[in-house]
Amino acid sequence: MSSFTEADLPVDVHHGEMITLADGTTVRFESNGEAKDIMINDGFAAACTLFPGNDFIVETGNGNYKVTCDFGDVMHVEKA
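Report follows, based on the coordinates. (Residues numbered from 1 in each chain as written. Predicted model: local features only at pLDDT ≥ 70, side-chain atom pairs only at ≥ 80, totals over all residues. Heavy atoms only, no water.)

Observations regarding the pattern of salt bridges
And step 1. Inspection of every chain in the model, using the stated rule, returns 1 salt bridge.
And step 2. In this structure, the salt-bridge partner of glutamate 6 is lysine 79, at a minimum N-O distance of 3.5 Å. Within this pair, whereas glutamate 6 is found in the loop between strand E1 (3-5) and strand E2 (11-14), its partner lysine 79 is found in strand E9 (residues 74-79), the two being separated by 73 residues in sequence.
And step 3. Take glutamate 6: its relative accessible area is 21%, and that puts it in the partly exposed class. (Salt bridge = Lys/Arg side-chain N within 4 Å of Asp/Glu carboxyl O. Helix = DSSP H or I, 4+ residues; strand = E, 2+ residues; numbered from the N terminus. Buried < 20%, exposed > 50% of the residue type's maximum accessible area, 1.4 Å probe, protein only.)

Regarding the pairing of strand E5 (residues 35-40)
And step 1. Most of E5 is tucked away, with 5 of its 6 residues classed as buried.
And step 2. Across 6 bridges, the pairing between strand E4 (residues 26-32) and E5 is antiparallel. Paired with valine 27 across the bridge in E5 is isoleucine 40.
And step 3. Here E4 folds back onto E5, and the loop between the two strands holds 2 residues, one of which, glycine 33, carries a positive phi near 70°. (Pairing = 2+ DSSP bridges.)

Quick notes on the sheet that holds E9
And step 1. As summarised here, the arrangement of the 4 strands in space is E2-E9-E8-E7, forming an open sheet in which the pairing is antiparallel. Edge positions in the sheet fall to E2 and strand E7 (55-60), since each has one partner strand and no second. Taken pair by pair, the neighbouring strands of this sheet meet at an average axis angle of 30°, ignoring direction.
And step 2. For strand E8 (residues 63-69) and E9, the ladder comprises 5 bridges, and the chain directions are antiparallel. Looking across to E9, one finds that valine 67 is bridged to valine 77. (Axes fitted to C-alpha atoms, helices over the stretch in contact; angles between N-to-C directions.)

Following this line, the structure appears as structure tokens:
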């Protein structure tokens, strides 16, 4: 499994990969058809479900990060 850090931002994270932000928060996703279930840290419950064209802000002690998804098997993460 590949892993990215905040130094890689902006980054495209594919299924089976994750990003670890500066404060240790991890973000990953599971595909649910065209929707993506966004998971924060070690939890298996989705923090949100994103459909193509939607976004979600992950708030951490070090700042905010925008997560977006499209029709591919990828999640885009950038500093907000």
